[in-house]
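# Descriptive analysis of the structure
Listed here are the chains, written in short residue letters.
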Amino acid sequence: MTVNELNLAAGAAAEDGANAWRHWLGLVTAATDALVVMATVGLVSLVYHLQAYGGVPADQTTLELATMLAAIFVFINAMRGRYQIANYLSTKGQIGSAFTVWNMTMVAFIAILFLTKTVEHYSRAVILASYLVGIPVIALARSGMVRTVSLASKTGRITSERVFLIGREPDVMSFVSRHQPWNIGFAIVDVAFLRSADERRINDPAAALAADLANAVANCRIKRPDSVFIALPWSDQETIDACVDAFMNLPVAIHLTPEKIMDRFETPHIVRTGSLSSLRLTRPALSVAEVALKRAFDIVSASLILILTAPLLLIVAAAIRFDSPGPVLFRQRRYGFNQQAFRIFKFRTMTTTDDGNIIVQATRNDARITRIGRVLRRYNLDELPQLLNVVAGQMSLVGPRPHALAHDQEFERKIALYARRHNVKPGITGWAQVNGLRGETDTDEKMAKRVAFDHWYIDNWSFWLDIAILFRTVLSKKAFMNAG
């Protein structure tokens, strides 16, 4: 976008009346949620009574149930600030949020019934069915609403915020080209370019800056934006202070446009500790509570699996012993959490047990793979002894797959942020593996793609993501791709 195009867009935004929609959007989305809940309860009640009693339900009871659930659902969403337009510009987190609020709604409703001693007034079957049916229905409705609002904001039919840009021309244009604010519902109402010291060519730069700001403030007051975005390098503290002081006299929110470094991170935010404020770009991969939850799940699950699969482990061990000479278990050095080395346990599937500075990766038709080893690798059974590493605390059930030290050191030189994989414990299975990224990594591109999936897992970890990965490890065809 050129400067002329930016100014034309600002002029169009200033004259566009479509932004009036944003003032009603909260009511529209709240009403939509209420109608979806009430329709769900009404339909469930109708189907249940037709099947169970051969007739329609009592209108009053069904209406009371539907109204109460809808009111609680809308109230909780409103208290959580979910009806702000900013929450409808991206699909990320929407379904999870709706599911959480729906659960809170049911808990609150049951608590109300208990406290008012009206439990017997409503059908338990209808309540349970409404809850179960409501999960996909509410998720689909919320997803549809988000897609509608997001599309409307990108096409200019709905404006989430009217903004005024100010800064030196290169900084303003860099911000606009990097973030394309119109795609997130921003309408640029006007742009004010500050002259650089070279452009002013006068003896008093402070007076020139004051004159630029006076004109900008006058235009901003006329255009009446919601926010002012100051597009200046954060190191230019003097000019930023002057801009803030000038626009503090207007009823607008004042923002500093982000530095380029922030574009690399999804959730940077201000953290205040006492009198110290800092911009946190990243957080630890897992919090203390999350580490404790993941560890508890690992210990219980790994121990249970070891007990249940003990007969299978003995059969596999005997098969390996009779199939080829050598140890049953293969131990190799790998990097764990924070790049702390440990020895991983695997069933031996090859005639070699390399653990030196040079390790040749196994290929699909590798002659070193034994007959029983090929079966074990095909169905991931060679990984089962790693449950011992999990119980010992060296690994987790789910996490980035550990590689031999020689390969780690090689790829760390070639792939940026490769070692970030070690910010969590390595896993027996992982997000990359259930997406088909396993087996030989004979090119840097293959490993870079696997690393990207590992980084995504670290940035988006949740307990339920681990559960989903474990299920996909067993049930998904992708988890068995490229095995050999």
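For the chain, the helix and strand inventory stands at 17 helices and ten strands. Classification of the 484 residues of the chain by burial places 43% in the buried group. Considering only intrachain contacts with a sequence separation of at least 6, the fraction spanning at least 24 residues in the chain is 73%. Of the roughly 26,200 Å² that the chain leaves accessible, carbon and sulfur atoms contribute 62%.

Attention shifts here to the pattern of salt bridges. The full count for this structure, using the stated rule, is 13 salt bridges. As a salt-bridge pair, D263 and R178 come within 2.8 Å of each other at their nearest N and O atoms. Taken together, the residues D263 in the loop between β4 (253-256) and β5 (269-273) and R178 in helix α6 (residues 169-179) connect sequence positions 85 residues apart. Residue R178 is classed as partly exposed on the basis of its relative accessible area, which comes to 30%. One salt bridge in this structure joins E383 and K346, with 3.9 Å as the shortest N-O distance. With E383 in the loop between α12 (371-378) and α13 (386-392) and K346 in strand β8 (residues 341-347), this residue pair connects regions lying 37 residues apart in the sequence. Of the residues examined, K346 reaches a relative accessible area of 12% and is grouped as buried. The network of salt bridges with common partners includes K346, D382, E383 and R401.

Let's shift gears to the side chain of T370. For T370, the position within the fold is in the loop between β8 and α12. If we ignore the near neighbours within four places in the chain, the residues touching T370 are D323, S324, R348, T349, M350 and T351.

Let's shift gears to the packing of helix α3 (residues 59-79) against helix α4 (residues 94-116). Two elements in contact, α3 and α4, have axes separated by 9 Å at closest approach and are oriented at 125°. Judged on the interaxial angle alone, α4 and α3 are oblique. The two elements α3 and α4 cross, and the hand of that crossing is right-handed. Packed against α3, whose contacting residues are L65, M68, L69, I72, F73, I76 and N77, the element α4 presents A98, V101, W102, M104, T105, M106, A108, F109 and I112 at the interface. A breakdown of the residues in the contact of α3 with α4 according to their chemical character gives 14 nonpolar, two polar and no charged.

Time to look at the sheet that holds strand β1 (residues 161-168). Overall, parallel pairing links the four strands, which are arranged β2-β1-β3-β4 in an open sheet. Sheet topology places β2 (186-194) and β4 at the edges, where each strand pairs with a single neighbour. Adjacent strand axes in the sheet meet at a mean angle of 25°, parallel and antiparallel pairs treated alike. Summarising the sheet, β1 and strand β3 (residues 227-231) pair through five bridges and their orientation is parallel. Along β3, the bridge assignment pairs L165 with F229. Set on the sheet, α6 makes contact with β1, β2 and β3; between it and β1 the angle comes to about 140°.

Our next topic: the pairing of strand β6 (residues 276-280). Successive side chains on a regular strand alternate, one facing one side of the sheet and the next facing the other. Pairing analysis gives five bridges linking β5 to β6, with the strands arranged antiparallel. Residue pairing across strands places R272 opposite S277, the latter belonging to β6.

Another point: the pairing of β4. Of the strand pairs in this sheet, β3 and β4 are connected by four bridges, and their pairing is parallel. Bridging across to β4, F229 finds its partner in H255. Of the crossover connections in this fold, the one passing from β3 over helix α9 (residues 237-247) to the parallel β4 is right-handed.

Grouped together as the largest cluster of nonpolar side chains are 34 residues, with contacts concentrated most on V37, L65, L69, F109, I127, I138 and V149. Broken down by secondary-structure element, the contributors of at least two residues to this core are α2 (22-52), α3, α4 and α5 (124-154). With sequence-adjacent residues up to four places away left out, I127 is seen in contact with L65, M106, F109, L113 and Y122. Judged by nonpolar contacts, the second largest core, of 28 residues, contains L313, L387, W431 and W461.

Per the counting criterion, the structure on display carries nine aromatic pairs. Residues F164 and F247 carry aromatic rings whose centres are separated by 6.0 Å and whose planes lie at 50° to one another, so their mutual orientation is tilted. Residue F164 is found in strand β1, and its partner F247 is found in helix α9; the two are separated by 83 residues along the sequence. In this pair, the class of F164 matches that of F247, namely buried.

It is worth spelling out the packing of helix α10 (residues 288-308) against helix α17 (residues 463-475) at this point. The N-to-C vectors of α10 and α17 enclose an angle of 30°; their axes lie 11 Å apart at closest approach. When the interaxial angle is binned, α10 and α17 end up roughly parallel. In this structure, α10 uses L293, K294 and F297 to contact α17, whose residues at the interface are F463, D466, I467 and L470. Class assignment of the residues belonging to the contact of α10 with α17 gives a composition of five nonpolar, no polar and two charged.

Definitions and limits used
Residues numbered from 1 in each chain as written. Predicted model: local features only at pLDDT ≥ 70, side-chain atom pairs only at ≥ 80, totals over all residues. Heavy atoms only, no water. Helix = DSSP H or I, 4+ residues; strand = E, 2+ residues; numbered from the N terminus. Buried < 20%, exposed > 50% of the residue type's maximum accessible area, 1.4 Å probe, protein only. Contact = heavy atoms within 4.5 Å. Areas by Shrake-Rupley, 256 points an atom, 1.4 Å probe, with all protein chains shown as cover. Salt bridge = Lys/Arg side-chain N within 4 Å of Asp/Glu carboxyl O. Axes fitted to C-alpha atoms, helices over the stretch in contact; angles between N-to-C directions. Parallel < 35°, antiparallel > 145°, perpendicular 65-115°, else oblique. Left-handed = near helix turned anticlockwise from the far one by under 90°. Nonpolar A, V, L, I, M, F, W, Y, C, P; charged D, E, K, R; others polar. Pairing = 2+ DSSP bridges. Right-handed = clockwise from strand over helix to strand, strands pointing away. Core = buried A, V, L, I, M, F, W, Y, C linked by side-chain atoms within 4.5 Å. Phe/Tyr/Trp six-rings, centres within 6.5 Å; stacked < 30°, edge-to-face > 60°.

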